[in-house]
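# Working through the structure, step by step
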Amino acid sequence: MSVRVTTLPNGLRVATDAMDSVESVSVGVWVGVGTRHEIAETNGVAHLLEHMTFKGTTTRSARDIAEQIEAVGGQMNAHTGREQTAYYVKVLKEDLPLALDVLADILLRSVLDPEELARERVVVLQELGQAQDTPDDIIFDHFQETAFPKQALGRPVLGRAEVIESASRDVLLAYRQRHYGGVNMVLAASGRVEHDAFVAMAQRALAELAPAADMAREPARYIGGEFRAEKELEQAHLVWGFPGVAYDDPDYFACAVLSTLLGGGMSSRLFQEIREKRGLCYSIYSFANPFLDGGVFGIYAGTGEKEITELTAALAAELKGVMRPPPEPELKRARAQMKAGLLMSLESSNARMDALGSQLLIFGRPIATEEISARIDAVNAQDTARVAARIFAGQPTLAAMGPLDALEPLDRWVARLR
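What comes next concerns the included structure. All values reported here derive from a predicted model rather than from experimental measurement.

What follows is about the sheet that holds strand β2 (residues 13-18). Here 6 strands make up an open sheet; going across it, the order is β1-β2-β6-β3-β5-β4 and the pairing mixed. A strand with exactly one partner marks an edge of an open sheet, and here the two such strands are β1 (3-7) and β4 (75-80). Geometrically, the sheet is characterised by an average inter-axis angle of 15° between neighbouring strands, direction not taken into account. Summarising the sheet, β4 and strand β5 (residues 85-92) pair through 6 bridges and their orientation is antiparallel. Residue pairing across strands places His79 opposite Ala86, the latter belonging to β5. Against the sheet, helix α1 (residues 45-52) touches β4 and β5, its axis set at about 170° to β4.

Below is the structure:
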């Protein structure tokens, strides 16, 4: 295994995954904080802070940050999720010191200038507006809020417009100071990188990072229910869901294999039966989203108003069917699909960096590819049937948007599963 991990005195874990066959390196900082660490009055601050981190430091302007990375052909970006926030750069191997210096600068010395904040509020509000205008995107926010109502895990990652409009510099500073501490962060690099040299660079660049961080979070409480929004759209956008499993659940891998088998590709049951054989939709797939202390399992479909009735009946039949052990060739195909995706990701320094940073935050250790492959191979037909029965016995969630006159009530649809 090419992965090495060193913990600095301030608690920051520095991890590398060496790839001697490439000329580039991907480096990023993962913070174990996201939307679920916000209170209702600050929903959207984590995402807004991610934007503002790039808007100038005590030594670099926002333009300097962009130009210095792009002057060496590098790429820089960030993302905010429900439980993690990440900042990352990809550069040629000789430019790794610059990349790390810029990352350290934006994380430690971002000034959060009020004038820049005023401008960036508009940008984030436009991003929020764009999501609102994209029904196959915003439907997942409605689904999450219905599954986890009146709690942090159910709030949108992009935030609420009223919060974005009013969030002050002091609010952003307080959030950063409270949550961005060494014990809650991982610095990960993958590509042409030498571990000991990288650790020495990290010690110099991030020594002033405070160790302490507030990692408290509101517990996940899956509730479920129904959300409907009648809209004049060409399609109805539908998401059905059930309580899923957490990262540390013994059924984590069985749940992932189940999702692949049910709706994870063109050979999956949902795609073949509902799209290919019946022609009831263009897009249909399943997903298994784990969290640190819970999860959701869901199915998305976009379909026409006239096809809703047949599609919902067919979906219920497929969910009932997957509660029986699948034929071995089908199960073998699902496992192979997952393992191939895992192995193909090893060719990307970005993917390996992302996996390394996330694994250290979630599991506290890097997980070897061989271990993951073995866990996938260990899932048998009885496991997928058992997990399907466990999941689909739970309280359902439905989020629907578009022309919905033909959509039956949730309780009537659920009766088809029992």
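Two descriptors summarise a pair of aromatic rings, namely the distance from one centre to the other and the angle between the planes of the rings. Scanning all chains against the criterion turns up 16 aromatic pairs. Judged by centre distance (5.1 Å) and plane angle (65°), the rings of Phe242 and Phe392 are edge-to-face. One end of the pair, Phe242, is in strand β8 (residues 236-243); the other, Phe392, is in helix α15 (residues 381-392), with 150 residues separating them in the sequence. The same class applies to Phe242 as to Phe392, namely buried.

Here the focus is the pairing of strand β9 (residues 283-291). Note: β9 against strand β10 (residues 294-303), 9 bridges, orientation antiparallel. Bridging across to β10, Tyr285 finds its partner in Tyr300. Here β9 folds back onto β10 in antiparallel fashion, the turn holding 2 residues.

What follows covers the packing of helix α12 (residues 328-345) against helix α14 (residues 369-377). Axis separation between α12 and α14 bottoms out at 10 Å; the angle between their running directions is 170°. The angle between the axes of α12 and α14 places the two elements in the roughly antiparallel class. Mapping the contact onto sequence places Arg335, Met338, Lys339, Leu342 and Leu343 in α12 and Thr369, Ile372, Ser373, Ile376 and Asp377 in α14. Residue composition of the contact of α12 with α14, by class: 5 nonpolar, 2 polar and 3 charged.

We now examine the sheet that holds β9. Overall, mixed pairing links the 5 strands, which are arranged β7-β11-β8-β10-β9 in an open sheet. For this open sheet the edge positions go to β7 (225-230) and β9, each flanked by a neighbour on one side alone. Across the sheet, the mean angle separating the axes of adjacent strands is 10° when strand polarity is ignored. Bridge count between β8 and β10: 8 bridges; the pairing is antiparallel.

Put simply, α1 and helix α7 (residues 169-179) touch, their axes get as near as 10 Å, and they point 95° apart. Relative to α7, α1 is oriented roughly perpendicular. Of α7, the residues touching α1 (which contributes Val45, Ala46, Leu48, Leu49 and Met52) are Val171, Leu172, Tyr175 and Arg176. Its residues placed into classes, the contact of α1 with α7 shows 8 nonpolar, no polar and 1 charged.

Calculation rules
- Residues numbered from 1 in each chain as written.
- Predicted model: local features only at pLDDT ≥ 70, side-chain atom pairs only at ≥ 80, totals over all residues.
- Heavy atoms only, no water.
- Pairing = 2+ DSSP bridges.
- Helix = DSSP H or I, 4+ residues; strand = E, 2+ residues; numbered from the N terminus.
- Axes fitted to C-alpha atoms, helices over the stretch in contact; angles between N-to-C directions.
- Contact = heavy atoms within 4.5 Å.
- Phe/Tyr/Trp six-rings, centres within 6.5 Å; stacked < 30°, edge-to-face > 60°.
- Buried < 20%, exposed > 50% of the residue type's maximum accessible area, 1.4 Å probe, protein only.
- Parallel < 35°, antiparallel > 145°, perpendicular 65-115°, else oblique.
- Nonpolar A, V, L, I, M, F, W, Y, C, P; charged D, E, K, R; others polar.

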